[in-house]
Each structure stands twice: as C-alpha cells, then as structure tokens.
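Residues per chain are reported as follows:
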Amino acid sequence: MNAPNDTARDKAVRLTSLSHGGGCGCKIAPGVLAEILKNSTGFPAPKELLVGIETADDAAVYKLNDEQALIATTDFFMPIVDDPYHFGQIAATNAISDVYAMGGRPIMALALVGMPINVLPLETIGRILKGGESMCAEAGIPIAGGHTIDSVEPIYGLVVMGLVHPAKVKRNADAKPGDVLVLGKPVGVGILSAALKKDALSAEGYTQMIATTTKLNKPGIALANLPGVHALTDITGFGLAGHSLELARGAKCTVQIDWAKVPMLNGVREMAAQGMVTGASGRNWDGYGRDVSVPDSFAAADRALLTDPQTSGGLLVACAPDAVDEVLAIFRRDGFAQAAVIGSVIEGPGRLVVR
C-alpha cells in the first residue's frame, strides 16, 4: 500500500493542514442534517426506484429489468492523511464501499476532484488521482470520467455505479428480530486520524490505519447471495452507533451491541482516553444520543469510540443465526480476520442499546 517515489515537494504542504475536517469526519452532523432535510418533499418516486432516501441507505438502487438493478452512489471528502497517494486510495475505497454495502458489484466510477491549484504542486494532485485509480483497478472498474474544480480545500472522491439482481438488494432496513449482527472491520479510524493530526501517531499506527481504510469491502457481493443475510450497511461518518441506529430505525426494531465483542484497532482505546478524539464524535452524539442507551459505567473513551467517525469502515451484517458461520467464513476468506459477532436485533422501538 505504500506510495511510490515520495518527494520533498510533496511534503512541503501537509494535506491535512488545508482541510477543516478529514475523511468521513467531514460529514454534516446528523442533527444538523436532519434539520436541513426535514422539509424536503422530493419528486414522487417511480416504482423502479427500489431504494431511495427513505431509510438513509448507502446508495440508490433503480430496477432496470427482471435481472438487473443499477446501484448509484457518491462519496467525497477532504484529506484524512498527508500522503497524497494514500488519500486517493482511502477516498476511492470509501466510495466504492457503498456499492458493496448494497450487495452489488461495482462496474465503473467517475472522479470528483476539487483542488487548491495555487497551493498544491500538480504532481501531488496527480498522485491523489493515482491512488484512487489504484483502488478502482483493484475493484476491477474503470474511472470513466469525472469533474474538476479549483477549490479552497482539497476534495477527492468518486461517483460509483454497480449492478445487483433486484431480488438480492441488501437494504439497511430489512433486519429482523432474532438476527445476529456481524461487523467486518475494527473501529477506531477517527481516533487514529486525530492522533495523526496531532503528530502523535506511531509508524505502526499509521500502517494499520492505511491497511484498514484501503481494504475493499468485497465480501458484500458474496453476502448478497445468502438468503440468511437480511440487511447490510457500512460504518462510516456517523460511527458504529449512528449506522446501527439507522438499521434499527429502518427495521423498526432495537439493536443491541455487546461492547466487549466489538473489534478495535490496536491502541485506539488508550488514545481516546488521552483525548485523541475528533470533533465529529461529539457532534454525532449530540445528533442521536437521545436514542442510544449505554451502561452507567460507560467511560468517555468508550463513548468516543462508539460514535467515532469511520472512514472506509466495515460492513455491518444482520443475518439469521444459522447463517453466522457462513457470513464469518466469507469475511475470513477475503482476509477480514477481525470480523466478529457484536450483537443482535430484538423486538422494540428503533433504538440502540449498548451492553
């Protein structure tokens, strides 16, 4: 995953110094977003639109015919790391993930590029694009076009399109009481990014950060073929709590998370306890904390990790108990060694309960 040919010129300007927030921590806070969207009426949805905005799902899905549905999504953000090649890789991986989270196979991408042309060397911008291209190549898709603007802050991302069988679309709203929850990647990316911005992240910490954020969520394709998999989403800017809560609200059920079972990146709990926390974590809690129940003994560091914005985070799977072994086997086969059962879905209102 290392970028080739580091140069002194690349390092003259820290990418993260040019952005007010990095990665999926750039997302508008959930409470503010809800206020913005509350009066949106939208155009009457055609019957072919299988997934729209109604459950805050990962992508839109439009039925083309009895065998194919088109998945369409977009994701872009400001730098979460200073290495331009890594920034491009992370942004592309994160954008492509939404197709996998719907159970689909990506087919092509368009690049979204906003760069401060008078601040960044052109070769730095080129390496950002090269990083994105490398992950698209790994996903087996072309970047078929895009759009560029001269921007105050560096912005990079993709529009990604994919295909899925209409009967195999995996929405975030179709979990059922009795389902088991499986998480594909460990949490803590936002904590690592906060430490990086404070020059407090070790080389080992940076290595694991790049490894997790540039790992494509390809298991989503195989998971879509399992009848026992009822719902899929990926954990990104609203954190494990926020996206679990979206799943709970969509299914009109209560989601339970067994906190001791949630996989975490090495050292992130200690970093969180030392104050290495993004501002997005607190904004996330302010936006949805009223619908989350945590133990009285829940430490501040744990709450920070629960709401920690994940950039290119893992898939969250709601599946029948008899499908758990096969779900874990799919993750293991694709190299997701830390995939784990973290909770369950029960009858109840659309809430999150952390035990």
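Throughout what follows, the structure given in this document is the object of discussion. (Residues numbered from 1 in each chain as written. Predicted model: local features only at pLDDT ≥ 70, side-chain atom pairs only at ≥ 80, totals over all residues. Heavy atoms only, no water.)

A few words on the pairing of strand β2 (residues 60-63). Here 2 bridges tie strand β1 (residues 49-51) to β2, and the two strands are oriented antiparallel to one another. The residue bridging Val 51 from the neighbouring strand is Val 61, located in β2. Looking at chain direction, β2 and strand β3 (residues 69-77) are connected through 4 bridges and run antiparallel. Within β3, the position partnered with Val 61 by the bridge is Ile 71. Between β2 and β3, which pair antiparallel and follow one another directly, the connecting turn spans 5 residues. (Pairing = 2+ DSSP bridges. Helix = DSSP H or I, 4+ residues; strand = E, 2+ residues; numbered from the N terminus.)

Let's shift gears to unusual backbone geometry. Although it is not a glycine, Ala 56 sits at a positive phi angle of roughly 50°. Positionally, Ala 56 belongs in the loop between β1 and β2.

As enumerated under the stated definition, the model contains 11 salt bridges in all. Among the ionic pairs, Lys 130 bridges to Glu 133, the shortest N-O distance being 3.8 Å. Highlighted residues: Lys 130 and Glu 133, both in helix α4 (residues 122-139), separated by 3 residues, approximately one helical turn. Residue Arg 351 pairs with Asp 291 through a salt bridge whose shortest N-O separation is 3.7 Å. Remark: Asp 291 occurs in the loop between α10 (279-288) and β10 (292-293) and Arg 351 occurs in strand β13 (residues 351-354); sequence separation between them is 60 residues. (Salt bridge = Lys/Arg side-chain N within 4 Å of Asp/Glu carboxyl O.)

Read from one edge of the open sheet, 7 strands run β8-β11-β7-β12-β9-β13-β10, paired in mixed fashion. With partners counted over all chains shown, the strands left at the sheet margins are β8 (229-234) and β10, one partner each. In this structure, strand β7 (residues 180-183) lies alongside strand β12 (residues 340-346), joined through 4 bridges in antiparallel fashion. If you follow Val 182 over to β12, its bridge partner there is Val 341.

This part covers the nonpolar core. Counting 83 residues, the largest nonpolar core has Val 81, Ile 96, Tyr 156, Leu 158, Leu 240 and Trp 259 as the members making the most contacts within it. Counting residues per element, this core draws most heavily on helix α3 (residues 84-101), which supplies 8 residues. Ala 101, Leu 226, Leu 315 and Ala 339 belong to the second largest nonpolar core, which has 18 residues in total. (Core = buried A, V, L, I, M, F, W, Y, C linked by side-chain atoms within 4.5 Å. Buried < 20%, exposed > 50% of the residue type's maximum accessible area, 1.4 Å probe, protein only.)

In this section: the pairing of strand β11 (residues 315-319). Burial within β11 is extensive, with 5 of its 5 residues counted as buried. The side-chain alternation of β11 yields two buried faces, one formed by Leu 315, Val 317 and Cys 319 and the other by Leu 316 and Ala 318. As defined by bridge partners, β7 adjoins β11 across 4 bridges and the pair is classed as antiparallel. Within β11, the residue paired with Val 182 across the bridge is Val 317. Summarising the sheet, β8 and β11 pair through 5 bridges and their orientation is antiparallel. Bridge pairing links Ala 231 to Ala 318 in β11.

Before going further, it helps to spend a moment on the environment of Ala 91. Mapping Ala 91 onto the fold places it in helix α3. Along the chain, Ala 91 and Ser 312 lie 221 residues apart, while their C-alpha atoms are 7.7 Å from each other. Excluding residues within four positions of it along the chain, Ala 91 makes contact with Phe 77, Tyr 156 and Gly 157. (Contact = heavy atoms within 4.5 Å.)

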